[in-house]
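Notes for the structure review
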Amino acid sequence: MADALTGKVARRLLPFLMLCYFFAYLDRVNVGFAALTMNRDLGLSATAYGLGAGLFFLGYVAFEVPSNLILERVGARLWIARIMVTWSLVSASTAFVTGEWSFYLVRVLLGLAEAGFFPGIILYLTYWFPARQRAGIVGTFMMAVPLSAAIGSPLSGLVMSLTDGWHGLAGWQWLYLLEAAPSLLLGLATLFVLTDRPENASWLTAEERADLIARMAEDHRSRPHRTAHLGGALLDPRVLGLGLVYFGLSTGLYAIGLWLPQIVSAFGFTTTATGFVTAVPYLVSAAGMLAWTRHSDRTGERTRHVALPTVAAGLALLAASQVGTPLLTIVALSAAALGVFAALPTFWTLPTRLLTGSAAAGGIALINALGSVGGFAGPALMGWIRDATGRFDHALAAVAALLILAGLSVLRLGRDTAPAPAGTTQAGDA
């Protein structure tokens, strides 16, 4: 960390936020493991599963911007607690779906419940850490995602194997019930752990509070080019462009995350072995994303640090669609996952170069909402192509093309999101 105060704030906030995101992501994507036996039990085709998995993001998108605006008004402590408690209850209820339509309904409700969590945390971090440190901070926070998949994959495989038939419930039903419980407990703990703003941080000394408040005020003043009004942010073509880039990244992220267990299982692995093999790409990604974001902070360069790994992820996914052996496929999928996860944290420094105040709350949520449509498109596209062709390779190639297009688009957008000279303004600024 840059200094002792930043380190103290990071040690207080990041471990808890990472733990929350760890279980948020686990509750979001454990459907990928449940599908190994749930699809058969419920009679779901690949198309129906892909559609249901992606429907999470329709509810998510619908409530994203309002959720972040509410967080800005009522504070992160209360609103994040509300999000976590409701999503844990809905996630647990997935254990009791009985067919295609109830599966669709629960996935939409889960998206509504969780809407605003991730963009809310991105907004919350802007209250505590200046822009020059933000890629590393966001990268550390987002390590929860590959760690969640790396730890959660073998854990999910073991839970399904060990609990199948216990008290009359299938292993996939126990998976939903057991993995929702930590989110409920963490949601209640949020009320006691989080602090809304530096001004309220009783765990800092008076001198530390004053120093942090002054530091964040200076960070705000030093970037006068940023859009401050909500209307300006929602109509800003750069914001919409970033949303489309995030669409490509999300398509890749969830196409891999929600289908990887089935791709691995298709090679003949058992459920337990699938869990351990699936963990490999995420272990690689966890180490790589942290090193890449810290390099971005050291150099101060953002655009190429997003574009290069995004294009590389697309090329790796294209390679995965062409090789036929399990080993080479896992290597290529690991490279694709590494590229996506390396790009994501630094991507989120680009919106905060543009937005502040209510514009940040709404604009970050809008970018995440637009991008999250990719979370719907990726799984749904994979399922439709899988049913139409009986193969995964064509589906992987389609997702690869979207990633490559997203990476190339960042290079163009990067010129528009570069900091303007001091003293200049843009439309929508105060």
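Predicted, not measured: the structure shown is a model, and the values here were computed from it. (Residues numbered from 1 in each chain as written. Predicted model: local features only at pLDDT ≥ 70, side-chain atom pairs only at ≥ 80, totals over all residues. Heavy atoms only, no water.)

Here the focus is the overall build of the protein chain. Tallying secondary structure elements over the protein chain gives 18 helices and 0 strands in all. The 430 residues of the protein chain split such that 60% are buried. Residue pairs at least 24 apart in sequence account for 83% of intrachain contacts in the protein chain once pairs closer than 6 positions are excluded. Within the structure as shown, the protein chain displays about 15,700 Å² of accessible surface, and the carbon and sulfur contribution to it stands at 68%. (Helix = DSSP H or I, 4+ residues; strand = E, 2+ residues; numbered from the N terminus. Buried < 20%, exposed > 50% of the residue type's maximum accessible area, 1.4 Å probe, protein only. Contact = heavy atoms within 4.5 Å. Areas by Shrake-Rupley, 256 points an atom, 1.4 Å probe, with all protein chains shown as cover.)

Moving on: a nonpolar patch on the surface. On the surface, Val-74, Leu-78, Leu-191 and Phe-192 cluster together into a nonpolar patch covering about 390 Å² of accessible area. Note on Leu-78: relative accessible area 46%, which makes it partly exposed. (Patch = residues over 30% accessible without salt bridge, like charges linked within 9 Å, V, L, I, M, F, W, Y side chains within 5 Å. Salt bridge = Lys/Arg side-chain N within 4 Å of Asp/Glu carboxyl O.)

Right, let's talk about the packing of helix α13 (residues 271–299) against helix α15 (residues 326–347) for a bit. Put simply, α13 and α15 touch, their axes get as near as 7 Å, and they point 35 degrees apart. The handedness of the crossing between α13 and α15 is right-handed. Contacts from Val-277, Val-280, Pro-281, Tyr-282, Val-284, Ser-285, Gly-288, Met-289, Trp-292, Thr-293 and Ser-296 in α13 reach Ile-330, Leu-333, Ser-334, Ala-337, Leu-338, Phe-341, Ala-342, Pro-345 and Thr-346 in α15. The class makeup of the residues in the contact of α13 with α15 is 14 nonpolar, 6 polar and no charged. (Axes fitted to C-alpha atoms, helices over the stretch in contact; angles between N-to-C directions. Left-handed = near helix turned anticlockwise from the far one by under 90°. Nonpolar A, V, L, I, M, F, W, Y, C, P; charged D, E, K, R; others polar.)

This part covers the pattern of salt bridges. By the definition in use, this model includes 5 salt bridges. For the salt bridge of Glu-72 with Arg-197, the shortest nitrogen-to-oxygen distance reads 3.6 Å. Linking Glu-72 in helix α3 (residues 46–74) with Arg-197 in the loop between α9 (171–193) and α10 (206–221), this pair joins segments that are 125 residues apart in sequence. The partly exposed category is assigned to Arg-197, whose relative accessible area is 31%. A salt bridge links Arg-302 to Asp-297; its shortest N-O distance comes to 2.9 Å. The exposure class assigned to Arg-302 is buried, which follows from its relative accessible area of 8%.

On the secondary structure map, Glu-179 appears in helix α9. It is Arg-107 that comes nearest to the buried, bridge-free Glu-179 among opposite-charge side chains, at 10 Å. Polar side-chain contacts of Glu-179 include one of 3.0 Å to the side chain of Ser-156. If sequence neighbours within four positions are ignored, Glu-179 has contacts with Phe-23, Leu-26, Asp-27, Asn-30, Leu-155 and Ser-156. (Lys, Arg positive; Asp, Glu negative; His and termini not counted. Polar contact = N/O pair within 3.5 Å; in protein donor to acceptor, adjacent residues only side chain to side chain.)

Bringing the packing of aromatic side chains into the picture now. Within the structure shown, the criterion is met by 18 aromatic pairs. Considering the side-chain rings of Trp-128 and Trp-203, the 5.6 Å spacing of their centres and the 20 degrees angle between planes classify their relative orientation as stacked. With Trp-128 in the loop between α6 (117–126) and α7 (134–142) and Trp-203 in the loop between α9 and α10, this pair connects stretches of sequence that are 75 residues apart. A network of ring pairs unites the aromatic residues Tyr-21, Trp-87, Phe-117, Phe-118, Phe-141, Tyr-246, Phe-347 and Trp-348 as a single cluster. Here the guanidinium or amino end of Arg-82 rests over the ring plane of Trp-79, the centre of that ring lying 4.4 Å away. (Phe/Tyr/Trp six-rings, centres within 6.5 Å; stacked < 30°, edge-to-face > 60°. Lys NZ or Arg CZ within 6 Å of the ring centre and 35° of its normal.)

Quick look at the confidence of the model for the protein chain now. On average, residues of the protein chain score 82 in pLDDT, and 90% of them are at 70 or above. In the predicted structure, residues 419–430 sits below a pLDDT of 50 and forms 22 contacts with residues beyond four places in sequence or in another chain. (pLDDT = per-residue confidence, 0-100.)

With that settled, the discussion passes to the side chain of His-305. Residue position: His-305 is located in helix α14 (residues 303–322). According to the relative accessible area criterion, His-305 is buried, its value standing at 6%. Not counting residues within four places of it along the chain, the set of residues in contact with His-305 comprises Trp-292, His-295, Ser-296, Thr-299, Ala-342, Ala-343 and Thr-346.

Note on placement: Met-84 falls in helix α4 (residues 76–93). The spacing of Met-84 and Ser-183 is 99 residues in sequence and 6.0 Å in space, taken between C-alpha atoms. Among all residues touching Met-84, those that are not within four sequence positions of it are Cys-20, Phe-117, Ser-183, Leu-186, Gly-187 and Thr-190.

A word on α9. Counting along an α-helix, one turn takes 3.6 residues, and residues three or four places apart therefore face a common direction. Taking 1.5 Å as the rise per residue, α9 with 23 residues should run 33 Å; its terminal C-alpha atoms sit 33 Å apart, in good agreement. Buried within α9 we find Gly-171, Trp-172, Gln-173, Trp-174, Leu-175, Tyr-176, Glu-179, Ala-180, Ser-183, Leu-186, Gly-187 and Thr-190. In this structure, the buried residues of α9 make contact with α1 (4–29), α2 (31–42), α4 and α8 (144–163). (Expected span 1.5 Å × (residues − 1).)

Despite not being glycine, His-167 has its phi angle at roughly 55 degrees, a positive value. With respect to the element layout, His-167 can be found in the loop between α8 and α9.

Take the nonpolar core next. Core analysis: the largest hydrophobic core is formed by 133 residues, its most contacted members being Phe-117, Trp-128, Phe-141, Phe-347 and Trp-348. By residue number, the principal contributor to this core is α1, which donates 16 residues. (Core = buried A, V, L, I, M, F, W, Y, C linked by side-chain atoms within 4.5 Å.)

Moving on: the packing of α13 against α14. For the pair α13 and α14, the least separation of the axes is 9 Å and the interaxial angle reads 150 degrees. Taken together, the axes of α13 and α14 lie roughly antiparallel to each other. Two packed elements cross with a definite hand, and for α13 against α14 that hand is right-handed. Of the residues in α14, those in contact with Trp-292, His-295, Ser-296 and Thr-299 of α13 are Arg-304, His-305 and Pro-309. Tallied by class, the residues present in the contact of α13 with α14 amount to 2 nonpolar, 4 polar and 1 charged. (Parallel < 35°, antiparallel > 145°, perpendicular 65-115°, else oblique.)

Let us now look at α15. Relative to the 32 Å expected for 22 residues at 1.5 Å per residue, α15 spans 31 Å between its end C-alpha atoms, a close match to the ideal helical length. With respect to burial, α15 is a largely interior element, 16 of its 22 residues being buried.

Inspection of the secondary structure puts Leu-175 in helix α9. By relative accessible area, Leu-175 is classed as buried at 0%. Remark: the alpha-carbon pair of Leu-175 and Leu-158, spanning 17 residues in sequence, is separated by 9.5 Å. What Leu-175 contacts, discounting residues up to four positions off in sequence, is Asn-30, Phe-33, Ala-34, Ser-156, Val-159 and Met-160.

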